[in-house]
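Listed below, chain by chain, are the residues.
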Amino acid sequence: MGERTLRITSSLLPWLLSIFSMVVMVAQAEDPYLFFTWDVSYGTRSPLGVPQQVILINGEFPGPNLNTTTNNNIIVNVFNNLDEPLLFHWSGIQQRKNSWHDGTAGTMCPILPGTNFTYRFQVKDQIGSFYYYPTTGFQKAAGGFGGLRVNSRLLIPVPFADPEDDYTVLIGDWYSRGHIELRKQLDSGESLGKPNGVLMNGKPGKVGDNSEEPLFLMKPGKTYRYRICNVGLKNSLNFRIQGHNMKLVEMEGSHTQQAMYDSLDIHLGQCYSVLVTANKDPMDYYMVASTRFTKYHLQATGKIRYTDGKGSASTDLPKAPVSWAWSLNQFRSFRWNLTASAARPNPQGSFHYGQINITRTIKLANTVGTSADGKLRYAINGASHTDPDTPLKLAEYYGIVDKVFKYDTIGDEPGADVEKVTLGPVVLNATFRNFVEIIFENHEKSVQSWHVDGYSFFPVAIEVGQWSPERRKNYNLLDTVSRYSIQVYPKSWAAIFLTFDNAGMWQIRSESLEKAYLGQQLYVSVLSPQRSLRDEYNMPDWSLVCGLVKDMPKPPPYSS
């Protein structure tokens, strides 16, 4: 015990020095700092009625909500009390100029067991609903995830009245086997198959059990905000609330045109924010989250209780829609609120993305195949990503790219034989500040969900079939919602626009954890030609080093 305490204590020195420097900066009127300390450990829980090992943060499953405000500086000191390496990713947080703390294997060395590390990042010019989760070793399948909200600053008008309260709803499919067993199954070349259930804030719910405690309380006549995130592993989910409509007001960091929905398809990795008014008979009601686009039906429920309510919730649950055409039409109904302010006091619609010339088109086709040894792999344009021992960003910063990876091992279009899978690091080289078009083509039979780190983008179209330049005439060039994830339906494609204006190393990944783990991901390297602090921060002094750079001298810092 004494040896372990000494190791953690010594590792605290860089953290304490960084805290001291931050206190000095606060005195110089920087944006506010929020400090969190996380004890990450294993625990035993029974989410689906069977005891299993889960990952706890400060004893909580799911983890605690991070409640922040635009431009806050977030300091999270993570103590890794697991028996394996650990990293956390902050899904949807753009990490402006700071891919150093993005928490992916391509940007950071992992936090080793029995040690700690301090994340420091700013929620710069962002508002909205997000979440965090562990990215190493398939650990997300054991928990360690939680909500992350970014509230608007008081001086920025919000396009709806302050709600009575603000609730986070984390929904996702779940396996009753531990993450280590699941990981071994994937490493052996087998797919995981059907999940065992769905959870809502860590519980499956018990329909008809009047002794079950409610997840949330509502006062009659009051309006509440619900932030719903799909933190699952495999499936899109439909979310609905018994007897209540939901007014969509925000999606992944953007205010939307406000519209009423009786249910919402929420795909892997996505977060929606709705307003719900307690205007029904005072009693209990069920929230329902159920699988979509599958031959099997899995669901979770959670109770909402009206204060002073007198009735039990009906066991007649609302049904989910049945086709993905319905889901596609719902996507097309989402619109950006062009007159609302987001993080800054200027209208969201002042950025006219439809009037910018495209400088590059990148077409990414997701496929499934086998490696040379016959094991299951997922790929993009025939390339299945593997993580080297030296994180890609560190190899680039230390100038040893030639020893770790090659740029542009795939082209901007799929080759003729995308079914043939090659393994290795996949890194695209992008030009700083270029405005690009990315086409996601789904060659598989299941719905795909994609995430782009470091940016929000404009999903201008989703359509059936294969993309061609002629399809651009169908793009929404006015008011599609700026966001960080997009679904692609079977045998369909999606087109997004974005500006590579955030220097760093950024991951594009399938939000299916199985597919990403088995290679359906890549990184985009965006380097500023100026090597200037105006464009990217220096590697923090307390950053972990590993692999080939472990004993190398640190490169000269960027100039101001």
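Residues numbered from 1 in each chain as written. Predicted model: local features only at pLDDT ≥ 70, side-chain atom pairs only at ≥ 80, totals over all residues. Heavy atoms only, no water.

## As for the packing of aromatic side chains
Consideration 1: Across all of its chains, the model carries 36 aromatic pairs by this definition.
Consideration 2: With 4.4 Å between their ring centres and 25° between their planes, Tyr167 and Phe216 make a pair best called stacked. In this pair, Tyr167 is assigned in strand β9 (residues 166-174) and Phe216 in strand β11 (residues 216-218), connecting sequence segments 49 residues apart.
Consideration 3: Owing to a relative accessible area of 8%, Phe216 belongs among the buried residues under this scheme. (Phe/Tyr/Trp six-rings, centres within 6.5 Å; stacked < 30°, edge-to-face > 60°. Helix = DSSP H or I, 4+ residues; strand = E, 2+ residues; numbered from the N terminus. Buried < 20%, exposed > 50% of the residue type's maximum accessible area, 1.4 Å probe, protein only.)

## Observations regarding the state of the cysteines
Consideration 1: On inspection of all chains with the given rule, the structure shows 2 disulfides.
Consideration 2: Note that Cys109 is cross-linked by a disulfide to Cys546, the S-S spacing being 2.1 Å. On the sign convention where negative is left-handed, the bridge of Cys109 and Cys546, at about -90° about the S-S bond, is left-handed. Taken together, the residues span a long stretch of sequence, with Cys109 in the loop between β5 (88-91) and β6 (116-122) and Cys546 in the segment after β31 (521-527) at a distance of 437 residues.
Consideration 3: What pairs with Cys229 in a disulfide is Cys271, and their sulfur atoms sit 2.1 Å apart. With the S-S dihedral at roughly 115°, the linkage between Cys229 and Cys271 falls on the right-handed side. Taken together, the positions of Cys229 in strand β12 (residues 223-230) and Cys271 in strand β17 (residues 271-277) put the pair 42 residues apart, joining distant regions of the chain. The residues Cys229 and Cys271 share a single accessibility class, namely buried.
Consideration 4: The cystine pairing of the protein, numbering bonded cysteines in sequence order, is 1-4, 2-3. (Disulfide = S-S within 2.5 Å.)

## Observations concerning the sheet that holds β17
Consideration 1: Strand order in this open sheet of 6 strands is β10-β9-β12-β17-β14-β15, and the pairing throughout is mixed. With one partner strand each, in any of the chains shown, β10 (197-200) and β15 (254-261) form the two edges of the open sheet. Sheet twist, expressed as the mean angle between neighbouring strand axes with direction ignored, is 25°.
Consideration 2: Pairing of strand β14 (residues 246-251) with β15, which is carried by 5 bridges, proceeds in the antiparallel orientation. Looking at the pairing, Lys247 lines up with Met260 of β15. (Pairing = 2+ DSSP bridges. Axes fitted to C-alpha atoms, helices over the stretch in contact; angles between N-to-C directions.)

## Considerations on unusual backbone geometry
Consideration 1: Here Phe61 and Pro62 are connected by a cis peptide whose omega angle stands at -10°.
Consideration 2: Examined against the element boundaries, Pro62 turns out to sit in the loop between β2 (52-57) and β3 (66-69).
Consideration 3: Positive phi, normally seen in glycine, also occurs at Lys97, with a value near 65°.
Consideration 4: Judged by relative accessible area, Lys97 falls into the partly exposed class, the value being 22%.
Consideration 5: For Asn381, which is not glycine, the phi torsion reads 50° and is therefore positive.
Consideration 6: Mapped onto the elements, Asn381 comes out in the loop between β21 (376-380) and β22 (383-384).

## Considerations on the sheet that holds strand β8 (residues 146-151)
Consideration 1: The strand order β3-β8-β7-β5 describes an open sheet built from 4 strands, whose pairing is mixed. Two strands lie at the open edges of the sheet, namely β3 and β5, each paired on one side alone. Along the sheet, successive strands turn relative to each other by an average axial angle of 20°, direction set aside.
Consideration 2: Bridge count for strand β7 (residues 128-134) against β8 is 5 bridges, and the pairing is antiparallel. Across the sheet, residue Ser129 finds its bridge partner in β8, namely Arg149.

## Things to note about the confidence of the model for the protein
Consideration 1: With 95% of its residues at a pLDDT of 70 or more, the protein shows a mean pLDDT of 94.
Consideration 2: Scored below 50 in pLDDT, residues 1-28 shows 27 contacts in the model against residues more than four places distant or in partner chains. (pLDDT = per-residue confidence, 0-100. Contact = heavy atoms within 4.5 Å.)

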